[in-house]
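Structural features, examined
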Amino acid sequence: ATQGFAGDGGPAARAELDLPVGIATDSSGNLYFSDSANNRIRAVNTSGIVNTIAGGGSGGDGGPATSAVFSGSAGLGLTPSGDLLIGDVSVGRVRKVDASTGDISTIAGNGIRASGGDDGPATSAEIGFLLFVAADRSGNTFLVDNTAVRRIDAATQLITTVVPSGSFSSPPNGIAIGTLGELYLSDLSKSVVDRVDPATGALTVVAGTSDVSGYSGDGGPATSAALDTPAGLAIDSAGNLFIVDQRSNVVRRVDAATGVITTIAGTGTAGYSGDGGPAASAQLSLPFAMALDTFGNLFIGEGRNKRIRRVSAITGLISTVAGNGTSIWSGDGGDSLQAGIGSTFALAADSHSHLFQSDPDFNRVRQILLSPQANLSLTSLAFPATPVGQTSAAQSVVLTNAGDGAMVITGIALVERNASNFNQTNNCGGSRSILAPGASCVLTFTFSPSVPGNESATLQVSDDAKGSPHTVLLSGTGTSTTAGFTLTVVGGATASVQPGSAANFTAILQPNPGFIGPITLTCSSAIPSAICTLAPDSISVMTTPSSAFGLTITLQTTGMTQSAAERREPPTMPSLPFSVTIGGVAPLAIWRRKASSRRGSRGWLSGAAGAGLASTWAALVLMSVMAFTGCGTNRSHAVSNAAATPPGTYQLSVVATAPGGVSRSIKLTVKVT
């Protein structure tokens, strides 16, 4: 970095500085800094142009501040009305640049480097060694004059000493003004932080144990804790006090309500670690300067780590926002994490996502743009099928600012052709609303289809984060059971079968566009002793348009069946066969006995012929008996469980029914032969 003085009227990044120290920012985003070795106060506007606003001339009060002469200006402060306060060290004066006119005037000090003039006009008082200048919310001005603290009343312009000289053994190492106008000072020599009552000037220890250096006491009263070299101080909007406990390598917080002290950043061991995790688990190394932004995020300048870290007010997580760990100047115009930075003497944050660092090592005041980062918890939302005219259950998306800077939301809208069928509400605020770093808001959606079918829209979140607009795709399906469906036979509606066989048919069910819902299938017929089955017997249409569904219809007919085996019964002898037997066989036996008694006589039935005739006669008689008796064969008793499907032509009806009374049917013909 070039040491010198140059660049007014041009880009601040090209200007030359010499020992920049105190810095301040106003509500419009302008930066003020003391270019102390150049004896000037310079400002950088929101366009990045640098100019001298005080000093560089040869005159004094009563005219333009740029005509005045300064020598070794140091501390800067801003009043509630935007006037700039300047500690003009070499001449022992506090000077003011009017925000509206740019004219300069002295509000305290007569040019004599001493200490006197209390209770009189501030411009008549003597001021010795001016270190810090600050104004409270009422416009009262506080100045640290060596080891004393003095106050200029905004109404009377009288000066008083609120903390006498000698109350500190060395000049305070840090100063902050509370929400009620109270003044906090870090007393390096005693290792305490004091509070000065604005009304009475009473000095009270609010943190640390006097003359005890160390790191202890977390979780208990801050006044019982030990600090080691308290340095930078800051007060948040709730009145909580933040203390850089420098040699302990931590930042501590004193609760405004309870007075309890806790460590919010650092472990007590010097180092560089912990980014992305809880700040209290991270390591710091020689922290010094500190600043709070308007959202309560804390920025810490670390001397040894050559970095600036940020602690989120919402999550408590720590991250590095600037510095690559080297003290070699580099990185302007690029990623702040790749930049080399020197010592951080002072930090200031404005309300426009700018962080300013005074870096006397490189004779620079550097601006770090704190960028927002928009994160959406979902990039698409699919609503379940919703009947036309009804509204779906609500679904939500969370928008989070995951960056280091505030995110300005310029618009939230639903776009594209079906946007009117989606509804959106949110708690992100209206146009130009600001989402703080780490903060989230919720966008809630419902779907109200007006017609059946698939519908979609896109949510657009417009903001100043990279990648804007950020989008969420919304989709849903409007349904209506009245949209109906078709039921068609495929491959013929007539089948011929024999009893005991199955008739098979195929059908296609095609939902119409917009139809979603359940469909029940039934089969009925007047065919005796037949069973009809459907596969499947129900359908659930989940999307539209839907593919067709195939159906199989089976009609099983019945053949002649017997449930018991045929039974065999013993033969009987009814009267007629018995008579034949008696009348045929018995006379034959008598005749043969008579024939045998006529031995030797030959007749027409004698000998072999007679025997053959007798045998034939017997066989005929026996066959007659068997014919009548069945000769032991069972009688058939068919006991059937189901009668056979009789031949004929029959009609079969298949019906598909959906809620709302929508139904379709087909007729099938079965011929049983």
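For the structure itself, look to the data block above.
The structure presented is a predicted model; accordingly, all values stated were derived computationally and were not measured.

Calculation rules
Residues numbered from 1 in each chain as written. Predicted model: local features only at pLDDT ≥ 70, side-chain atom pairs only at ≥ 80, totals over all residues. Heavy atoms only, no water. Pairing = 2+ DSSP bridges. Helix = DSSP H or I, 4+ residues; strand = E, 2+ residues; numbered from the N terminus. Axes fitted to C-alpha atoms, helices over the stretch in contact; angles between N-to-C directions. 1 Å grid on protein atoms, 1.4 Å probe; cavity = no way out; pocket = protein on both sides within 12 Å on 5 of 7 lines; lining within 4 Å. Points joined across faces, edges and corners; volume = space filled by probe spheres on them. Disulfide = S-S within 2.5 Å. Buried < 20%, exposed > 50% of the residue type's maximum accessible area, 1.4 Å probe, protein only. Salt bridge = Lys/Arg side-chain N within 4 Å of Asp/Glu carboxyl O.

**Here's the deal with the sheet that holds strand S26 (residues 354-359)**
Reading across from one edge, S25-S26-S27 is the order of the three strands in this open sheet, with antiparallel pairing throughout. Looking at which strands have only one partner, the edges of the open sheet turn out to be strand S25 (346-349) and strand S27 (364-369). Here the average twist between neighbouring strands, direction ignored, is 20 degrees.

**A word on empty space enclosed by the protein**
With the rule as written, the count across this model stands at one cavity of 30 Å³ or more. Estimated volume of the largest cavity: approximately 50 Å³.

**Thoughts on the state of the cysteines**
In the structure shown here, the tally under the stated rule is two disulfides. Note on cysteine connectivity: Cys428 is disulfide-linked to Cys441, with sulfurs 2.0 Å apart. What sets the handedness of the Cys428 and Cys441 disulfide is the S-S torsion sign, and at about 85 degrees it is right-handed. Here Cys441 lies in strand S35 (residues 440-447) and Cys428 lies in the loop between strand S33 (422-426) and strand S34 (433-435), a separation of 13 residues in the sequence. You can call Cys428 buried: its relative accessible area is 7%.

**Quick word on the pattern of salt bridges**
Pairing of side chains with opposite charge becomes possible as their charged atoms draw close. A full pass over the atoms with the stated rule returns 15 salt bridges. With its nearest N and O atoms 3.1 Å apart, the salt bridge here joins Arg252 to Asp245. Accessibility classification places Arg252 together with Asp245 in one group, the buried group. Through salt bridges with shared partners, a single network forms among Asp8, Asp35 and Arg42.

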